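Structure assessment
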Amino acid sequence: MILDAKIPEGPIADKWTRYKATIPLVNPANKRNIEIIVVGTGLAGASAAATLGEMGYKVKAFCFQDSPRRAHSIAAQGGINAAKNYSNDGDSVHRLFYDTIKGGDYRSREANVHRLAEVSTAIIDQCVAQGVPFAREYGGLLDNRSFGGVQVSRTFYAKGQTGQQLLLGAYSALSRQVGRKQVQMFSRHEMLDVVIIDGKARGIIARDLVTGKLERHFGHAVVLATGGYGNVFFLSTNAMGSNVTAIWKAHKKGAFFGNPCFTQIHPTCIPVSGDHQSKLTLMSESLRNDGRIWVPKKKDDSRKAVDIPEDERDYYLERRYPAFGNLVPRDIASRAAKERCDAGYGVGSSKMAVYLDFSDSIRRLGKDVIEARYGNLFEIYEKITGEDPYTTPMRIYPAVHYTMGGLWVDYNLMTTVPGLYATGECNFSDHGANRLGASALMQGLADGYFVLPITIGEFLSKDIRTKAIPTDHPEFEKAEKEAQDRIARLMSIKGNKPVDHFHKELGKVMWEYCGMARNAEGLQKAKKMVQDIRASFWKEVRIPGAADETNPELEKALRVADFLELGELMIDDAYDRNESCGGHFREEYQTEDGEALRDDNNYAYVSAWQYKGDNQPEVLHKEPLVFENVKLVQRSYK
Amino acid sequence: MKITLKVWRQKNGKTPGNFNTYTLPDVSEDMSFLEMFDVLNDELIRKGEDSIAFDHDCREGICGMCSMYINGRAHGPLTGTTTCQLHMRHFKDGDTIVVEPWRASAFPIIKDLMVDRSAFDRVIQAGGFISVNTGNAVDANSIPIPKEDADKAFDAAACIGCGACVATCKNASAMLFVSAKVSQLALLPQGQPERNMRVKKMVEAMDEEGFGNCTNTGACEVECPKGISLDHIARMNRDYLVSNIVD
Amino acid sequence: MATAATGLFRSSIGRKYLMALSGLFLCTFLVVHLLGNLQLFQNDGGVAFNLYSAFMANNPLIKTIAYVNYAFILLHIIDGFYLAAQNRKARPQGYAKVDQSKSSSWSSRNMALLGTIILVFLIVHMKSFWFEMKFGNMPVTTIEGESYKDMYSVVVEAFSQPWYAALYVVSMFAIGFHLYHGFASGFQSLGIRHHRYTPAIQNLGTFLFAILIPALFAAMPVYFCLKNL
């Protein structure tokens, strides 16, 4: 099968404008008769559901949380990029486009990224109009700050809670449509399967998490906006409920999975404190502006940080990357920390942490300045660790943060299943092999407010005569039966180990062999290990309670069962990609001094994996990446 | 350390509940309160018992999903902290901790410590927004907003909708939650066209949900994990009066 | 307008406006009442006090205000009980363990209880003096040739009984605690809050309405009771 990305003709700067002007649309009278299902209510889902509702479509929106306002977009701290050039520092759509392509290590599609950069400015306008309280200057105009990996200040922010404020903006727009009855909201509902009729996505099977009842919902089209799958690692900065189930089920029904192994590791997270650890907390990247990262020069040094004299400290980032020092990109900072810890220089009780030290900055700028800049982050740190970062260096360690991979989509954001769309983090499209800071929020809202509501017309315009399909259609029945059987099978195992036991085992394998650094041998080993964990999961898991009631353990089991399948695909993908790029670091492919070595001749493609059935190897399809507007160069931060 | 938990167990909204006592002999002080529940649940499941249901998601204090009434206080003994960010080092070896769900008729119990807070969503749906369709917006910098107003609006917008204000209020009043949204939008120029209508509709929706009345005890402000101020309640009281006078 | 007003006062916030307005009016009444009653301390055998009582009972303007006052008292009572009932309904099942010591004042949590104590006091108080003055068989005294109802001696007699004095003192504590929260709370309910002026309002509530006024009221029965011993 040849993947057709449906990229419009013409010069890159004109593609979107021209395409918008020529795309088939659905007239208002017909919109009233068309139903659209949106799964997920984060930035991408809430904005899409609200906008589609405003346009006149009948929308059904689903989220597993108790309210659409709680989707994990809410936890994003730093900010949102937009090519407004309010800072007058030479920013432009082209520069944002270029930075994003380069930051993604040349593994994303030019046309999509350019469109993202184009619509970025309208996002800020929209959010301000909704009442999002962005940070402002005394003159009353919007403030910008700089963010990693770029040379302009284009990041809009609302203290350290930008994601929260943007999500609440989208949530309010969504709530307005719910109030107008344009959108029907289904909270505490989890999608368990997509229903395909005559080759088109026509609905979903969802489980009401309160009653345990399975429900059938029809839609002329289905939009997935279900976020990333970082929780395959068990420990990540994702929310506890973040999961892959919706897109995995779509994948099994024919949607190709793009670049599954591209995972972003964030360098500054609070380290693991013990076996009880349930998730990891991110500390904003901005800390690296004033903190210096170091480990002791002596192995297994058990002295307290303050007792280690200056000349016995190894500021390894400053040593290895004199030009960028502590401000190297996320992937490089993360790997360097892992390298030191693996070599035996780690600190803290687990020895899996490095110091982030503010003492120099406090001496230079005074405690007040540091408090003004990072006070709230220092508070979070102290709350979690019980240590005061003003007097003791922070301990940090990298953690899984974002997954660039996701369902393969074309220029319309449609997957390989007609009528099935993927937006936001759950698609693969815009960030290549590495995402720049403050770009995830931009992509989620771009897709939801400005791209999908228009591109979906291309599909729906051909569907205006399709009547709502009754949910007693055999395909609905079949899909519901499959979900029912899977639940019954899980409930009947009645083993002796809780779901988390298997999830933790999976996470350890994924982190060890398919995490920050990968190699062919380890990946082969890991594949077998994941298969074994999956086998024992289906034999030994114990789920208390019943299926027809509120049952958080059953919810977890259904998710982990899918993670156990996804893990194997991530490993296959990492094994296939014999190069290092962005978040994907294959130890065999590095320069002499340990930097990632890309192979543009052989791997400038998107891996799109096709599911072929249980226990069958997946088939790899390649979408070649053509770069007409940027020149591919090796990233260097020395 | 050793911790004894007295936890409210209730199968669903229709059956009555009761307290069960659990003893955890080896709790690490680095655990979060919810991680302690993870450990307890792990044990319960291995023993073949039903695990304790509780709401939680982000576990970094921002999604507002966690909701436990701990030793007589919403989100436990630490001010400015959600349950997920409460760590066991704030308790002592040998402590007995009573854990209950939020209690309010507007927040019916779903199971154990889980409650239904969709009443909050319905209040927002009644008017907690600015009616602006996608694509209608003018340039973001075309309307300057004094920094002080923007900052105040942000402070109100910091509400995470967890419901601690309702849980802690002796009257189960939702005034802090509702006023935070009314106030945020009232402070911004974009919120002015609908200002009068918004406050009326949201108060009406709030009353319909069966929340109690505000006695101005101020407990909500103290227990709010985000420190939302009573200023916002005053602003809503003012706006509501004005909206009724001008109407 | 009529429907708007009924809608307004049927809402939770509208009912709080009623509580605040009636409560604050009653606070001003307390000040006037106190100033008049201070005549009891004049060492003139009750002349000033009896003149004052007669003035209060007969002046048409005062009479009108008095009816407004009764209306507000009734409104405050009825609305208060209504709100308390609604609040109880908002949490049908209470918590097994509640610790609000760190989040709110005792007064603020017990306004209905304090209000009920004050209501009991009010009934006794009205029966002893107001009812007697209006409908009772009052002793008569002559001042400058004219005869007046001798309220002074009724008051002195009542206050001389220790149980009666004790009831007064307890009730004044209730009023003190009620106003410790109530006075400032009334302003908040009306949306009057300012970072500079609100602390002043709170101080006024504490020192004048919660301490000084109840203390002076309580001093009267205590004075006469002790005098009689």
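Residues numbered from 1 in each chain as written. Chains lettered and ligands numbered in written order. Predicted model: local features only at pLDDT ≥ 70, side-chain atom pairs only at ≥ 80, totals over all residues. Heavy atoms only, no water.

1. What about the overall build of chain A?
Under the convention used in this document: Only runs of H or I of at least four residues qualify as helices and only runs of E of at least two qualify as strands under DSSP, and these elements are numbered from the N terminus. C-alpha atoms define the radius of gyration in this analysis, and the globule rule sets the expected value at 2.2 Å times the number of residues to the power 0.38. For every residue, the accessible area obtained with a 1.4 Å probe (protein chains only) is divided by the maximum for its type, and the residue is called buried under 20%, exposed over 50%, and partly exposed between those limits.
Scanning chain A for helices and strands turns up 17 helices and 19 strands. Scaling as 2.2 N^0.38, a compact globule of 638 residues should have a C-alpha radius of gyration of about 26 Å, and chain A matches this with 24 Å. Viewed in the frame of its principal axes, chain A has a C-alpha envelope of about 75 × 60 × 50 Å. In chain A, which comprises 638 residues, the proportion classed as buried is 66%.

2. Remarks on the interface of chain B and chain A
By a frequent convention, interface size equals the accessible area lost on bringing the separate parts together. Stated formally: Here, residues are in contact when the closest pair of their heavy atoms is within 4.5 Å. Two parts lose some accessible area (1.4 Å probe) when they are put together, and adding that loss for both gives the buried area. When a carboxyl oxygen of Asp or Glu is within 4 Å of a side-chain nitrogen of Lys or Arg, the pair counts as a salt bridge. Polar contacts, as counted here, are pairs of nitrogen or oxygen atoms within 3.5 Å of one another; within protein the pair requires one atom able to donate a hydrogen and one able to accept it, and residues that are adjacent in sequence qualify only if both atoms are side-chain atoms.
Between chain B and chain A, the residue contacts involve 73 residues of the former and 76 residues of the latter. When chain B packs against chain A, close to 6100 Å² is buried across both sides, 53% of that on carbon and sulfur atoms. Between chain B and chain A we count seven salt bridges in total. D66 of chain A serves as the salt-bridge partner of R117 of chain B, at 3.1 Å between the closest nitrogen and oxygen. Counting every contact that joins chain B to chain A gives 39 residue pairs in polar contact (both at pLDDT 80 or more). Elements that contribute at least two residues to the side of chain B that touches chain A include exactly α1 (33-46), β6 (109-111), β7 (114-115), α2 (118-127), α3 (147-157) and α5 (175-186) of chain B.

3. Details of the environment of D472 of chain A
Relative to the elements of secondary structure, D472 of chain A occurs in the loop between α12 (440-460) and α13 (474-493). The residues contacting D472 of chain A, other than those within four sequence positions of it, are R216 and E477 of chain A.

4. Regarding the domain arrangement of chain A
Residue and element names in this part refer to chain A. Cut-off, in case you're wondering: For each domain, the first and last residues come from an automatic or database assignment.
For chain A, the assigned domains are domain 1 (265-400) and domain 2 (474-602). Spacing between the C-alpha centres of domain 1 and domain 2 amounts to 30 Å. Counting the surface lost from both domain 1 and domain 2, the interface buries some 920 Å², and carbon and sulfur atoms represent 59% of this. Together, I265, R335 and K338 form the three largest contributors to the area buried by domain 1 at its contact with domain 2, with a combined 54%. Our count for the contact surface shared by domain 1 and domain 2 stands at zero salt bridges. Inspection of the domain 1/domain 2 interface yields two residue pairs in polar contact (both at pLDDT 80 or more).

5. Some remarks on the pattern of salt bridges
Evaluated as defined, the whole model comprises 72 salt bridges over all chains. Close ionic contact of K481 of chain A with D485 of chain A constitutes a salt bridge, the shortest N to O distance being 2.9 Å. In this pair, K481 of chain A and D485 of chain A both sit in helix α13, four residues apart, roughly one turn of the helix. In this structure, the salt-bridge partner of E549 of chain A is K111 of chain B, at a minimum N-O distance of 3.7 Å.

6. Here's the deal with the packing of α13 of chain A against helix α16 (residues 552-576) of chain A
All names here are of chain A. Which entries qualify depends on this criterion: Only the stretch in contact is used when a helix axis is fitted, and all axes are lines through C-alpha atoms; the angle between N-to-C directions ranges over 0 to 180 degrees. Working rule for angles: under 35 degrees goes down as roughly parallel, over 145 as roughly antiparallel, 65 to 115 as roughly perpendicular, anything else as oblique. Ten residues, namely Ala, Val, Leu, Ile, Met, Phe, Trp, Tyr, Cys and Pro, are considered nonpolar, four, namely Asp, Glu, Lys and Arg, are considered charged, and the remaining ones, Gly among them, are considered polar.
Remark: α13 packs on α16, axes separated minimally by 11 Å, with the N-to-C direction vectors making an angle of 105°. Taken as axis vectors, α13 and α16 run roughly perpendicular relative to one another. Across from R486, I487, L490 and M491 in α13, the residues of α16 making contact are L554, A557, L558, A561, D562 and E565. Taken together, the residues that form the contact of α13 with α16 break down as seven nonpolar, no polar and three charged.

7. Quick look at the domain arrangement of chain B
Residues and elements named next belong to chain B. Under the domain assignment used here, chain B contains domain 1 (3-110) and domain 2 (117-246). Of note, the centres of domain 1 and domain 2, computed from C-alpha atoms alone, are 29 Å apart. Note on domain 1 versus domain 2: buried area summed over both sides is about 1500 Å², and carbon and sulfur give 57% of it. Three residues stand out in domain 1 for area buried against domain 2, namely W102, A106 and F107, and they jointly supply 32% of the buried area on that side. The salt bridge partner of R73 is E223, with a shortest N-O separation of 2.8 Å.

8. Structural notes on the nonpolar core
Across soluble globular proteins, nonpolar side chains show a tendency to be buried alongside one another. Definition in use: Nonpolar cores are built from buried Ala, Val, Leu, Ile, Met, Phe, Trp, Tyr and Cys residues. Side-chain atoms within 4.5 Å join them into one set.
Judged by nonpolar contacts, the single largest core of 302 residues is most densely connected at F537 of chain A together with F33 and F37 of chain B. Residues within four places of F33 of chain B in sequence aside, it is in contact with M68, I70, T83, L86, H87, M88, F91, I97 and V99 of chain B. Listed in part, the seven residues of the second largest apolar core include A305, I308, Y315 and V347 of chain A.

9. Digging into the interface of chain C and chain B
Facing the 37 residues of chain C at the interface are 47 residues of chain B. For the chain C and chain B pair, buried surface summed over both sides reaches about 3400 Å², with 49% attributable to carbon and sulfur atoms. The interface formed by chain C and chain B contains one salt bridge. Between D231 of chain B and R193 of chain C there is a salt bridge, with its nearest N and O atoms 2.4 Å apart.

10. Remarks on the packing of aromatic side chains
For clarity, the threshold we go by: Only Phe, Tyr and Trp rings are paired, with Trp represented by its six-membered ring, and only when their centres lie within 6.5 Å; those with planes under 30 degrees apart are stacked, over 60 edge-to-face, the remainder tilted. We call a charge positioned over a ring when the NZ of a Lys or the CZ of an Arg lies within 6 Å of the ring centre and within 35 degrees of the ring normal.
Inspection of the entire model under this criterion finds 52 aromatic pairs over all chains. On the numbers, 4.5 Å between centres and 20° between planes, the contact of F183 of chain C with F209 of chain C is stacked. With a gap of 26 residues between them, F183 of chain C in helix α8 (residues 162-189) and F209 of chain C in helix α9 (residues 197-228) connect regions that are remote in the sequence. Its relative accessible area of 6% is what places F183 of chain C among the buried residues. Within the aromatic cluster, the residues linked to one another by ring pairs are F41, F49, Y52, F121, F129, Y152, F159, W163, Y164, Y168, Y223 and F224 of chain C. When the ring centre of F64 of chain A is taken as reference, the NZ or CZ atom of R559 of chain A above it lies at 4.7 Å. For the cation-ring pair, K147 of chain B lies above Y138 of chain A, with the distance from its terminal atom to the ring centre recorded as 5.5 Å.

11. What about the sheet that holds strand β12 (residues 292-296) of chain A?
All names here are of chain A. Under the convention used in this document: The pairing criterion for strands is at least two bridges between them, as found by DSSP.
Taking strand neighbours across the sheet as the criterion, the five strands line up as β11-β15-β14-β12-β13 in an open arrangement whose pairing is antiparallel. Every other strand in the sheet has two partners, leaving β11 (263-269) and β13 (313-314) as the edge strands with one partner each. Relative to β13, β12 runs antiparallel, the two sharing two bridges. Bridge pairing links V295 to D314 in β13.

12. Focus: the pairing of strand β2 (residues 146-149) of chain C
Residues and elements named next belong to chain C. The pairing of strand β1 (residues 140-143) with β2 spans four bridges and is antiparallel. Bridging from a neighbouring strand, T141 pairs with Y148 of β2. Counted along the chain from β1 to the antiparallel partner β2, the turn is two residues long, and its residue E144 has a positive phi close to 45°.

13. A short note on a negative patch on the surface
Residue and element names in this part refer to chain A. Applicable threshold: Patches here: salt-bridge-free residues with over 30% relative accessible area, like charges joined within 9 Å, nonpolar side chains (Val, Leu, Ile, Met, Phe, Trp, Tyr) joined within 5 Å. Exposure was quantified through the Shrake-Rupley algorithm and a 1.4 Å probe, taking into account, for residues, occlusion by the shown protein chains and nothing else. Neither His nor the chain termini are counted; the positive set is Lys and Arg, and the negative set is Asp and Glu. Working definition for charges: the position is that of NZ of Lys, CZ of Arg, CG of Asp or CD of Glu.
A cluster of like negative charges, contributed by D368, E371, E379 and E382, occupies part of the molecular surface. When you line up the elements, E371 lands in helix α11 (residues 367-385). A relative accessible area of 41% means that E371 is categorised as partly exposed.

14. Here's the deal with the sheet that holds strand β4 (residues 73-74) of chain B
Residues and elements named next belong to chain B. Ordered by their spatial adjacency, five strands build an open sheet running β2-β1-β5-β3-β4, and the pairing between neighbours is mixed. Each end of this open sheet is capped by a strand with a single partner; those strands are β2 (18-24) and β4. For strand β3 (residues 69-70) and β4, the ladder comprises two bridges, and the chain directions are antiparallel. Bridge assignment links I70 to a residue of β4, and that residue is R73. Along the sheet face, α1 touches β1 (3-9), β2, β3 and β5 (96-100) and points at about 80° away from the line of β1.

15. Let's talk about the packing of helix α3 (residues 47-58) of chain C against helix α7 (residues 151-159) of chain C
All names here are of chain C. Between α3 and α7, the least distance of the axes is 8 Å, while the angle of their chain directions is 110°. Considering the angle they form, α3 stands roughly perpendicular to α7. Of the residues in α7, those touching α3 at F49, N50 and S53 are M151, Y152 and V155.

16. Brief notes about the arrangement of the chains
The assembly contains two pairs of chains in contact; the pair sharing the most contacts is chains A and B. With no contact formed, the shortest span from any C-alpha in chain A to any C-alpha in chain C equals 20 Å.

17. As for α11 of chain A
All names here are of chain A. What counts here: Here the expected length of a helix is defined as 1.5 Å per residue gap, with one fewer gap than residues.
Between its first and last C-alpha atoms α11 spans 20 Å; for 19 residues at 1.5 Å apiece the expected length is 27 Å, and the helix comes up short by more than 12%. For α11, the complete set of buried residues consists of I370, Y374, G375, L377, F378, Y381, I384 and T385. On its buried face, α11 is in contact with α10 (359-365) and β15 (394-403). Where α11 terminates, the next one or two residues include G386, which has phi positive at roughly 75°.

18. Some thoughts on the environment of V232 of chain A
Residue and element names in this part refer to chain A. Inspection of the secondary structure assignment puts V232 in the loop between β9 (221-224) and α7 (245-252). With relative accessibility at 0%, the residue V232 sits in the buried group. With 333 residues separating them in the primary sequence, V232 and E565 have C-alpha atoms 9.8 Å apart. Those residues in contact with V232 that lie beyond four places of it in its chain are L506, G507, M510, F563, L566, G567 and M570.

19. Considering unusual backbone geometry
All names here are of chain A. Non-glycine residue R188 carries a positive phi angle of around 45°. The topology assignment puts R188 in the loop between β5 (183-186) and β6 (189-197). Backbone geometry places K494, a non-glycine residue, at a positive phi of 45°. Considering the arrangement of structural elements, one finds K494 in the loop between α13 and α14 (499-514). Judged by its relative accessible area of 55%, K494 is exposed.

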